Amino acid sequence: MKRTVALAILAALLLTLCACGKVRQAEEAIDAIGAVTAESGAQIEAAEAAVEALNDKQRDKLPNLTVLEEAQTEYETVLEEQAETEACVQEAENAIDAIGSVTLDSGDAIRAARAAYDAVPEEAREQVTNRETLSAAEQTFDALAIQATTDAINAIGDVTLDSGEAIRAARELYDGFSGAIQSQVANRDVLVRDEEQFSALRVQHVNDLITDIGEVTLSSEDRIREAEDAYNALSESEAAAVTNHRVLVEAREAFDTMEAAARLQVAIDDARSRLRVTRLEVKPLEAGAELHFSFVNESEQTIHYVYYGVTFYDAEGTVISLESTGAEICERVASGLFAHGGGAEETETLWGGDGREPVSVHLTALSIEYEDGSIYTFTDDQLAAVLEP
């Protein structure tokens, strides 16, 4: 009996020692993880296996279980960051490869590759296997840009009024590059000087064009328009430097006035070549008036109808009506076939109105219809012209 009890106690002690050994092994496996890196996977897996071999009571005795849990979380973060870094590295390498042969058109590709490379964490940039290719491409591009800009400025040559395109090309090329490249263009001051000379020539050219207008006549339109076009093509600062712009404005105003007068005279001559009103008169009657309207056909076309409208005025210059309808404009039609030199003398007694006596009559509307059906309507400016004094 005593021997049996002793064996039981011994077995219990052995089990306790064994359990303590497993806990100790798990604790040591966790401690072995150390600082978590991308290479910590094996240590974490060993610690996880040691902990997995414990029962719940044994796990409760494990003093550094939270260390394992933190290591697991940190390891996942490290792997994610590593994947992101590898993706950045690959993106940078692809962007650098995309540059290809370097030309003046490679600027965007090089800038994109530089941005992709700079996005790689600094400690991982050595992993970009073609980083030296990027540096070489940048140097080659800078050299090409500097030379091309220098050549474009030199190509301007002696500045004349025809230098605009060459100057603009050089300026666009220069402005398209970075300040670092611009600072290495040795003849950049020449570009500024040429631009200033070209601007001064443009201003002087406009001054000369305005001066060349001279006395304004109906033949001045081309010279005025040329000066206006040249002036409108100037920049704001150039336009402000034109000393005789007021002369151009006045020339335009004078020409427009002359041209309008000439157009009016043409219209008047056209009206007079068609019809001449030989008499337009109103004679007061008791409770009415007598209207006299006579005309002569001055054209070679035969007139079929003459449509005319007149307005009557009293002694105070107020419009009065002599129509029974009260209309202020008296509209009438003279019909017939009136050949060249022919016409009519129309007389009509009007008994309408409001009793005021008319002292004058004005022609307010006039149209003629020719035998072929075409109609010509006189403008207000032409009405006075067809009336005989």
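### Topic: the overall build of the chain
Turning to step 1, where the next piece is worked out: From N to C terminus, the chain includes 13 helices and 8 strands.
Turning to step 2, where the next piece is worked out: The C-alpha atoms of the chain give a radius of gyration of 52 Å, which is well past the 21 Å a tight globule of 389 residues would have.
Turning to step 3, where the next piece is worked out: Dimensions of the chain, computed from the C-alpha atoms along their principal axes, are close to 170 × 70 × 40 Å.
Turning to step 4, where the next piece is worked out: By residue count, 35% of the 389 residues in the chain fall in the buried class.
Turning to step 5, where the next piece is worked out: Relative to all contacts within the chain whose residues are 6 or more apart in sequence, the contacts with residues 24 or more apart total 69%.
Turning to step 6, where the next piece is worked out: Counting 28 positive and 76 negative side-chain charges, the chain places the centres of these two groups 9 Å from one another.

### Thoughts on helix H7 (residues 164-175)
Turning to step 1, where the next piece is worked out: Between its first and last C-alpha, H7 extends 16 Å over 12 residues, near the 16 Å set by a 1.5 Å rise per residue.
Turning to step 2, where the next piece is worked out: What H7 keeps buried is the set Gly164, Ile167, Ala170 and Tyr174. In a view along the axis of H7, the buried residues occupy a sector of 135°, so they form one face of it. The outward face of H7, more than 90 degrees from its buried face, is lined by the exposed residues Glu165 and Glu172.

### Details of helix H5 (residues 107-118)
Turning to step 1, where the next piece is worked out: Counted at 1.5 Å a residue, the expected span for H5 with its 12 residues is 16 Å, and the 16 Å between its end C-alpha atoms agrees.
Turning to step 2, where the next piece is worked out: Among all positions in H5, only Gly107, Ile110, Ala113, Ala116 and Tyr117 are buried.
Turning to step 3, where the next piece is worked out: Where the residues of H5 are buried, they touch helix H4 (65-97) and helix H6 (131-154).

### Let's talk about the confidence of the model for the chain
A low pLDDT score tells you not to read the predicted coordinates there in detail.
Turning to step 1, where the next piece is worked out: On average, the chain scores 91 in pLDDT, and the residues at 70 or more come to 95%.
Turning to step 2, where the next piece is worked out: This model gives residues 10-18 a pLDDT under 50, and the stretch forms 0 contacts once residues within four places in sequence are excluded.

### Details of a negative patch on the surface
Turning to step 1, where the next piece is worked out: A surface patch of like charges, here negative, comprises Glu76, Glu80, Glu81 and Glu84.
Turning to step 2, where the next piece is worked out: Tracing the backbone shows Glu81 in helix H4.
Turning to step 3, where the next piece is worked out: Residue classification places Glu81 among the partly exposed residues on the basis of a relative accessible area of 45%.

### What about the packing of aromatic side chains?
Aromatic ring pairs are described here by two measures, namely the spacing of the ring centres and the angle between the planes.
Turning to step 1, where the next piece is worked out: Within this structure, the stated rule accounts for 6 aromatic pairs.
Turning to step 2, where the next piece is worked out: On the basis of an interplanar angle of 80° and a centroid distance of 5.1 Å, the ring pair of Tyr376 and Phe378 is categorised as edge-to-face. In this pair, the class of Tyr376 matches that of Phe378, namely buried.
Turning to step 3, where the next piece is worked out: Members of the aromatic cluster, joined through ring pairs, are Phe293, Phe295, Tyr308 and Phe338.
Turning to step 4, where the next piece is worked out: Just above the ring of Tyr376 sits the side chain of Arg274; from NZ or CZ to the centre is 3.8 Å.

Quick notes on the rules
- Residues numbered from 1 in each chain as written.
- Predicted model: local features only at pLDDT ≥ 70, side-chain atom pairs only at ≥ 80, totals over all residues.
- Heavy atoms only, no water.
- Helix = DSSP H or I, 4+ residues; strand = E, 2+ residues; numbered from the N terminus.
- Rg over C-alpha atoms; globule rule 2.2 N^0.38 Å.
- Buried < 20%, exposed > 50% of the residue type's maximum accessible area, 1.4 Å probe, protein only.
- Contact = heavy atoms within 4.5 Å.
- Lys, Arg positive; Asp, Glu negative; His and termini not counted.
- Charge placed at Lys NZ, Arg CZ, Asp CG, Glu CD.
- Expected span 1.5 Å × (residues − 1).
- Arc of directions from axis to C-beta.
- pLDDT = per-residue confidence, 0-100.
- Patch = residues over 30% accessible without salt bridge, like charges linked within 9 Å, V, L, I, M, F, W, Y side chains within 5 Å.
- Areas by Shrake-Rupley, 256 points an atom, 1.4 Å probe, with all protein chains shown as cover.
- Salt bridge = Lys/Arg side-chain N within 4 Å of Asp/Glu carboxyl O.
- Phe/Tyr/Trp six-rings, centres within 6.5 Å; stacked < 30°, edge-to-face > 60°.
- Lys NZ or Arg CZ within 6 Å of the ring centre and 35° of its normal.

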